[in-house]
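A structural walkthrough
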Amino acid sequence: MGEIFNVLLLQTTLRSATPVVLAAMGCLLTQHVNMTNIGIDGMMLIGAFFAVLGSYFFGSWAAGLGLAILCGILLGLFYYVFVIKFGSDEFIIGVALNIFAGGLTVFLLRTVFQVKGAFSDPALVPLPTIHLPLIRHIPVLGQLLSGHTLLVYVSWALVLILWAFIYKTPAGVHLRASGEYPAALTACGKSPEKMKCFASVACGILACVAGAHLSLGYLTMFAENMSASRGYVAFACVIFGRGNPLIVFLAALLFGFIDALGLRLQNYIPSDLTAMAPYLVTVVMMVVVVLWERRKKKS
Amino acid sequence: MNNSLMQTLRALVRLKPSKKLERDYLVSLVIAVALAFVVGAGILLICGHNPIACYASLFKGALGTKRAFANTLAKTMTLALCGLAMSVAAKAGMFNVGGEGQLYFGAMAAAIVGAYVKGLPGWAVTLLALLAAVAAGGLFALLPGWLKVQWKVDEVITTIMLNTAAIYFCTYLANGPLKTTEKGIAQGTASIMKEASLQKLVPLSNLTTGIFYAAVAALLIWYLMSRSTTGFEMKLTGNNDRFALYGGVSTKKLMLWSMVLSGMLCGLVGMLETFGLHGRFIVSVSNEFYFDGMLVAMIMRYNPLGTMLMSFFFAILNIGGRAMERSAGIPSELILIVQSVIIFFMAAEGGIRTSLKNRAAVRKARREAARKEAV
């Protein structure tokens, strides 16, 4: 058992939870303005691809990240224009976005890099690893908290920042109002549409940054369909946490833990079976949250 | 005689796709398809290809020869069944995104029956496999359906999660306990009984007698959705389930059954793929077929007849896209981009039209105001 349950397991948990955390932070913003963004998975995929593209051609991780953020802004605006301006069905746009992303990234992978399946190259510059100055020397804690890539720390900071933003600032109240009761916001002389636009663009950026973390932080490569439904998992985490960044973060950590545990158990159980676990846990999570809410309503 | 001709015509007109697909919508569809082709041509130009030659090779590759046409028909069948599976659930307000997993379960169940049932004539094994596949697909759809009607657990997320889980599970079965022991076969389960597999209608193509099974299923679904009381009740439930409940429809039962029916159709697709093409369960039995079919259904607003017709068009793109890849070296994923552009436009179609109308109205008002000022 000691081989499976040790500090490394927790470290892997933090690593594999990060893309989900980042994407979920974006998703919860759209959830608060009452937009359901199913397309996060596709946005992650596009972000992952363009991060690799930028890193490869400009020889810097910052360029990769920048390109991913640019894609995020464009995708967020696209989503906003189609869903709010044109009043399209969010579900259809989201699903179509995912298929579009799958097609686009594979098409570009094969035309730009001339490879099938996956692209990795020594010229790819990964995200920098950060060693925390004091904590790194503390035995267990140092191993656990230090030495992650940049975006891991960014994601932790984001959880706190978003929590403070959503629940403690006037702008956060406006954001929630634009989802819960837009008429009230209009009465205050604020525009719910602007809030929705902001949330949608922020969601695009975060989803693409999550993708960048997948392809430049978690791994240093781009593979076809590498987001592997993580965008949907992020969505489920948001539902589970009802939009509260702290609870959403915990849900994402749970996903990461199951994922990491599955990787560890591969020596004992066939990997195809362990790979199922995070997805089944997500289903269970969805059921639990619904039952929990029903019980609350009854009492 | 003239009179009877008129009557026949009138009857035919009444048979046209349901009213939801009005003329404006179809006009938009044509424009969207044209625009999507323009976008595709732009991408081709950027990549240094001649778009006209590429599109020509696309259509030739899909319709040019007897074999190509047969492949296109076979693809139409798969897409139409998947699209109908989506439609039948969506009409009752259930979004079954989990068809891919249901398809895998159907394919696996069929392969198991085909490989391990012995001592029965071929046709009986085929029939048994069909039933097993339909049951497997339906049962696998029952879980998210039940969670939805019983506890209102969002079915979009659960079905997507179960998709991935089901594919991993079937992969585990095919690589582990059920892996074939035949020599020279790298992957997949044991091969099914030879006499039970579906006959090819055109040699060397993908078109098999499975298309008759598909036609029967499609006809039943079309009748159910467009002509029966149940179909009407489903539509009521999908539009407003509380009103339907008030009107005496047992909405929960209806939603659950539509989900199960959807899963059964997906299971059927899995069986037809296994028995028609591969002769065993292989891990790559479906390449996101369900998602393609789902999109077709969405574009046609879950209209069964429209879905079937649109499937043919998407099949041309699909088969032709692969031919284009072989002849011109253009990745067939271009077709996915073209398809999703069509969907983006069609989803936004109403909104774009309103905003254009509004803009025209504003312009007109401005012009009139200017004219008044001039006077």
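Residues numbered from 1 in each chain as written. Chains lettered and ligands numbered in written order. Predicted model: local features only at pLDDT ≥ 70, side-chain atom pairs only at ≥ 80, totals over all residues. Heavy atoms only, no water.

Concerning the overall build of chain A
To keep things clear, this is the line we draw: Here a helix means four or more residues in a row that DSSP labels H or I, a strand means two or more in a row labelled E, and each is numbered from the N terminus. This radius of gyration counts C-alpha atoms alone. The globule rule is 2.2 Å times how many residues there are, raised to the power 0.38. Only protein chains enter the accessibility calculation, which uses a 1.4 Å probe. A residue is then buried if its area is under 20% of the maximum for its type, exposed if over 50%, and partly exposed in between. Contacts are residue-level and defined by heavy atoms, with any inter-residue pair within 4.5 Å sufficient. In these tables, accessible area is a Shrake-Rupley quantity obtained with a 1.4 Å probe, and a residue counts as shielded only by the protein chains included in the view. In this tally Asp and Glu are treated as negative and Lys and Arg as positive; neither His nor the chain ends contributes. In plain terms, the charge of a residue is placed at NZ if it is Lys, CZ if Arg, CG if Asp and CD if Glu.
Scanning chain A from terminus to terminus reveals 12 helices and four strands. Here the C-alpha radius of gyration of chain A, 19 Å, is about what a compact globule of 299 residues would show, namely 19 Å. Here the C-alpha coordinates of chain A stretch approximately 55 × 50 × 40 Å along the principal axes. Out of the 299 residues in chain A, the part that is buried amounts to 55%. When contacts within chain A are restricted to residue pairs at least 6 apart in sequence, those whose partners lie at least 24 apart make up 75%. Of the roughly 12300 Å² of accessible surface on chain A, 68% is carried by carbon and sulfur atoms. A gap of 10 Å separates the mean positions of the 18 positive and 11 negative side-chain charges of chain A.

Considering the state of the cysteines
Residues and elements named next belong to chain A. Note the following rule: Note on terminology: disulfide denotes any pair of cysteine sulfur atoms within 2.5 Å.
One pass over the full model with this rule turns up zero disulfides over all chains. Cys27 takes part in no disulfide bond, and the closest cysteine sulfur, belonging to Cys203, lies 6.0 Å away. On the basis of relative accessible area, Cys27 is assigned to the buried category, the value being 0%. Since its relative accessible area comes to 0%, Cys203 is described here as buried.

Some words on the packing of helix α5 (residues 99-116) of chain B against helix α11 (residues 251-278) of chain B
All names here are of chain B. Heads up, the rule is: Note on geometry: axes are lines fitted to C-alpha atoms, helical ones only across the stretch in contact, with angles between N-to-C directions running from 0 to 180 degrees. Angle categories: roughly parallel below 35 degrees, roughly antiparallel above 145, roughly perpendicular from 65 to 115, and oblique for all the rest. Each crossing gets its hand from how the near helix is turned against the far one by less than a right angle, where anticlockwise is left-handed and clockwise is right-handed.
α11 packs onto α5 with a crossing angle of 50° between their chain directions and a minimal axis gap of 7 Å. Taken together, the axes of α5 and α11 lie oblique to each other. The chirality of how α5 crosses α11 is right-handed. Listed contacts from α11 to Gly99, Gln102, Leu103, Gly106, Ala107, Ala110, Ala111 and Gly114 of α5 are Ser262, Gly263, Cys266, Gly267, Val269, Gly270, Met271, Thr274 and Phe275.

Quick word on the interface of chain B and chain A
Stated formally: Any Lys or Arg side-chain nitrogen found within 4 Å of a carboxyl oxygen on Asp or Glu counts as a salt bridge. Pairs of N or O atoms are called polar contacts if they sit within 3.5 Å, as long as, within protein, a hydrogen donor faces a hydrogen acceptor (for residues adjacent in sequence, only side-chain-to-side-chain pairs).
Taken together, the contacts link 43 residues of chain B with 40 residues of chain A. There are two salt bridges connecting chain B and chain A. Where Arg110(A) meets Glu333(B), a salt bridge forms, and the shortest distance between an N and an O atom there is 3.1 Å. The interface formed by chain B and chain A contains three residue pairs in polar contact (both at pLDDT 80 or more). Elements with a minimum of two residues in the side of chain B that touches chain A: α6 (122-151), α7 (155-175), α12 (289-299) and α14 (333-374) of chain B. Tallying contributions element by element places α7(B) first for the side of chain B that touches chain A, with 13 residues.

What about the nonpolar core?
To keep things clear, this is the line we draw: Take the buried residues of types Ala, Val, Leu, Ile, Met, Phe, Trp, Tyr and Cys, join any two whose side-chain atoms come within 4.5 Å, and each joined set is a nonpolar core.
Core analysis: the biggest nonpolar cluster contains 195 residues, and Leu29(A), Met86(B), Met298(B) and Ile299(B) have the highest contact counts within it. Excluding anything up to four places from it in sequence, Met86(B) contacts Phe91(A), Phe95(B), Asn96(B), Ser262(B), Tyr290(B), Met294(B), Ala297(B), Met298(B) and Tyr302(B).

Here's the deal with the environment of Ser178(A)
All names here are of chain A. Its place among the elements puts Ser178 in helix α7 (residues 170-180). Along the sequence, Ser178 and Val33 sit 145 residues apart, while their C-alpha atoms lie 5.4 Å from each other. The contact partners of Ser178, leaving out residues within four places of it in the chain, are Val33, Leu185, Pro192, Met195 and Lys196. Here the side chain of Ser178 touches Leu175 through a polar contact of 2.7 Å, landing on its backbone oxygen.

Considering the layout of surface pockets
As a reminder of what qualifies: The method works on a 1 Å grid over the protein atoms by themselves. A cavity is a set of points holding a 1.4 Å probe that cannot get out, a pocket is an open set with protein on both sides within 12 Å along at least five of seven lines, and residues with an atom within 4 Å of a point line them. Grid points are joined across faces, edges and corners, and a volume is the space filled by probe spheres set on the points.
Here the second largest pocket defines a volume of roughly 770 Å³. Along the walls of the second largest pocket sit 24 residues, with Ile239(A), Lys148(B), Lys152(B), Val153(B) and Asp154(B) positioned nearest its centre. Contributing elements (two or more residues each) for the lining of the second largest pocket: α4 (90-112), α10 (230-241) and α12 (271-298) of chain A together with α6 and α7 of chain B. Per-element accounting of the lining of the second largest pocket gives the leading share, six residues, to α12(A).

Details of the packing of aromatic side chains
Let me state the cut-off plainly: Two aromatic rings, drawn from Phe, Tyr or Trp (for Trp, its six-membered ring), form a pair once their centres lie within 6.5 Å of each other, and the interplanar angle then sorts them: stacked below 30 degrees, edge-to-face above 60, tilted otherwise.
In this structure the tally under the stated criterion is 28 aromatic pairs over all chains. Here the aromatic cluster, defined as three or more aromatic residues joined through ring pairs, consists of Phe49(A), Phe50(A), Tyr56(A), Phe57(A), Phe113(A), Phe119(A) and Phe222(A).

Points about the confidence of the model for chain B
Quick note on the threshold: Per residue, pLDDT captures the predictor's confidence, and it can take any value from 0 to 100.
Per-chain confidence: chain B averages 85 in pLDDT, with 94% of residues scoring 70 or above. Note on residues 12-19 of chain B: pLDDT is under 50 here. Beyond four places in sequence and across chains, it has seven contacts.

With respect to the environment of Ala187(A)
In this fold, Ala187(A) is placed in helix α8 (residues 182-187). For the pair formed by Ala187(A) and Val140(A), sequence separation is 47 residues and the distance between their alpha carbons is 54 Å.

Let's talk about a nonpolar patch on the surface
Operational definition: Any residue with relative accessible area above 30% and no salt bridge may belong to a patch, with like charges joined within 9 Å and the nonpolar Val, Leu, Ile, Met, Phe, Trp and Tyr side chains within 5 Å.
Where nonpolar side chains cluster on the molecular surface, the patch consists of Leu120(B), Trp123(B), Leu127(B), Leu128(B) and Leu131(B) and spans about 530 Å² of accessible area. Locating Leu128(B) in the fold gives a position in helix α6.

Focus on the pattern of salt bridges
Note on pairing: side chains with opposite charge can pair once their charged atoms come close. Per the counting criterion, the structure on display carries seven salt bridges over all chains. Taking the shortest distance from any N to any O, the salt bridge between Glu325(B) and Arg110(A) comes out at 2.6 Å. Of the two residues, Glu325(B) sits in helix α13 (residues 304-328) while Arg110(A) sits in helix α4, which places them in two different chains. Taking the shortest distance from any N to any O, the salt bridge between Lys148(B) and Glu155(B) comes out at 3.2 Å. By relative accessible area, Glu155(B) is classed as buried at 2%. Taken together, the salt bridges that share partners define one network made up of Arg110(A), Glu325(B) and Glu333(B).

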